[in-house]
Amino acid sequence: MLMLAGIVIVHITTIILLLVATIDNAWWITDSMSTDLWGSWEMANSVWHYTNLKNYPEEYLQTVQATSVLACVFSILALFVFVAQLFTLPKGQRFTFTGILQLIACLCIMIAASIYTAELHANDKVGGYGHCYVLAWISFVLTFLLAITYLVLRKKSE
């Protein structure tokens, strides 16, 4: 029971990290700018102004946006499937479907962060990756570990 609670807590934590990484505005930061997947906040006259992302290749940006959202959706769906499987799965069976959904979420966030790294800021000299970028990679690791856990985990036969 304690292991089950730990898995659920890690899964909910992963979902929160994925949502923050997708929504918050700190994938790329400089002293006067903070960029997320949806727009850019630029400081002018001590006031932050929201602008659209102009200098990004649209096909790469849309891919990063879509795969980040899909990672959130698949991870949330995996949690609901896991809870449903707790009540419907025969004893001794593995949580394979939950593991596959979590593995898809893992691949989605890996694709998003990899494309963001390779295509959107590869040549920038000013600025650095923000906390949302780091959270995306942490989410990748957690979703991968959860996917492996679900694929190995069996429902107790007691």
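Just above sits the structure.
Computed from a predicted model, the values in this text were never measured in an experiment.

Participant: I'd love a proper account of the overall build of the protein chain, names of residues and values included.
Facilitator: Within the protein chain, the secondary structure is distributed over 4 helices and 5 strands. Order of helices (α) and strands (β) in the protein chain, N terminus to C terminus: α-β-β-β-β-α-α-β-α. Taken across its 158 residues, the protein chain has 39% of its residues classed as buried. Within the protein chain, residue pairs in contact and separated by at least 24 positions form 70% of the contacts whose partners lie at least 6 positions apart. Entry remark: accessible area of the protein chain is about 8,800 Å², with carbon and sulfur atoms responsible for 69%. Placing the 7 positive and 9 negative side-chain charges of the protein chain at their respective mean positions leaves the two points 25 Å apart.

Participant: Let's hear about the pairing of strand 4 (residues 47–51): which residues, and what values?
Facilitator: Note that strand 3 (residues 40–44) and strand 4 share 5 bridges and pair antiparallel. Bridge pairing in strand 4 links E42 to H49. Hairpin geometry of strand 3 and strand 4 is characterised by an intervening segment of 2 residues between the two adjacent antiparallel strands and by a positive phi of about 55 degrees at N45.

Participant: Tell me what's going on with the packing of aromatic side chains, and back it up with residues and numbers.
Facilitator: The final tally for this structure, using the stated rule, is 10 aromatic pairs. Taking the centre distance of 5.1 Å and the plane angle of 55 degrees together, the rings of F82 and F95 count as tilted. Pair noted here: F82 is in helix 2 (residues 58–88) and F95 is in the loop between helix 2 and helix 3 (96–120), with a separation of 13 residues, a long-range link. F82 sits in the buried class, given a relative accessible area of 0%. Put simply, the rings of W27, W28, Y116, Y129 and Y133 pair up and form one aromatic cluster.

Participant: Can you explain helix 1 (residues 2–23)? Please cite residues and give values.
Facilitator: In an α-helix, one turn spans 3.6 residues, which is why side chains three or four residues apart end up on the same side. Helix length check: helix 1 (22 residues) gives 32 Å between terminal C-alpha atoms against 32 Å at 1.5 Å per residue, within 8%. Three or more residues of helix 1 are buried, namely I7, H11, T14, I15, L17, L18, A21 and T22. One face of helix 1 carries all of its buried residues, which in axial projection span an arc of 165 degrees. Opposite the buried face of helix 1, at more than 90 degrees from it, the exposed residues are L2, I9 and I23.

Participant: Residues and numbers for the layout of surface pockets, please.
Facilitator: Within this model, the second largest pocket holds a volume of roughly 210 Å³. Together, 14 residues line the second largest pocket, and M33, K54, N55, Y56 and H121 are the ones closest to its centre. Elements that contribute at least two residues to the lining of the second largest pocket include exactly strand 2 (33–35) and strand 3. Class assignment of the residues belonging to the lining of the second largest pocket gives a composition of 5 nonpolar, 6 polar and 3 charged.

Participant: Give a detailed account of the sheet that holds strand 2, specifying residues and quantitative values.
Facilitator: A sheet is described by the order of its strands in space; here 5 strands give the open sequence 4-3-2-1-5, paired in antiparallel fashion. One side of each edge strand has no neighbouring strand; the edge strands of this open sheet are strand 4 and strand 5 (128–129). Taken together, the 3 bridges between strand 2 and strand 3 define a ladder with antiparallel strand orientation. Bridge assignment links M33 to a residue of strand 3, and that residue is E42.

What counts, and at which threshold
- Residues numbered from 1 in each chain as written.
- Predicted model: local features only at pLDDT ≥ 70, side-chain atom pairs only at ≥ 80, totals over all residues.
- Heavy atoms only, no water.
- Helix = DSSP H or I, 4+ residues; strand = E, 2+ residues; numbered from the N terminus.
- Buried < 20%, exposed > 50% of the residue type's maximum accessible area, 1.4 Å probe, protein only.
- Contact = heavy atoms within 4.5 Å.
- Areas by Shrake-Rupley, 256 points an atom, 1.4 Å probe, with all protein chains shown as cover.
- Lys, Arg positive; Asp, Glu negative; His and termini not counted.
- Charge placed at Lys NZ, Arg CZ, Asp CG, Glu CD.
- Pairing = 2+ DSSP bridges.
- Phe/Tyr/Trp six-rings, centres within 6.5 Å; stacked < 30°, edge-to-face > 60°.
- Expected span 1.5 Å × (residues − 1).
- Arc of directions from axis to C-beta.
- 1 Å grid on protein atoms, 1.4 Å probe; cavity = no way out; pocket = protein on both sides within 12 Å on 5 of 7 lines; lining within 4 Å.
- Points joined across faces, edges and corners; volume = space filled by probe spheres on them.
- Nonpolar A, V, L, I, M, F, W, Y, C, P; charged D, E, K, R; others polar.

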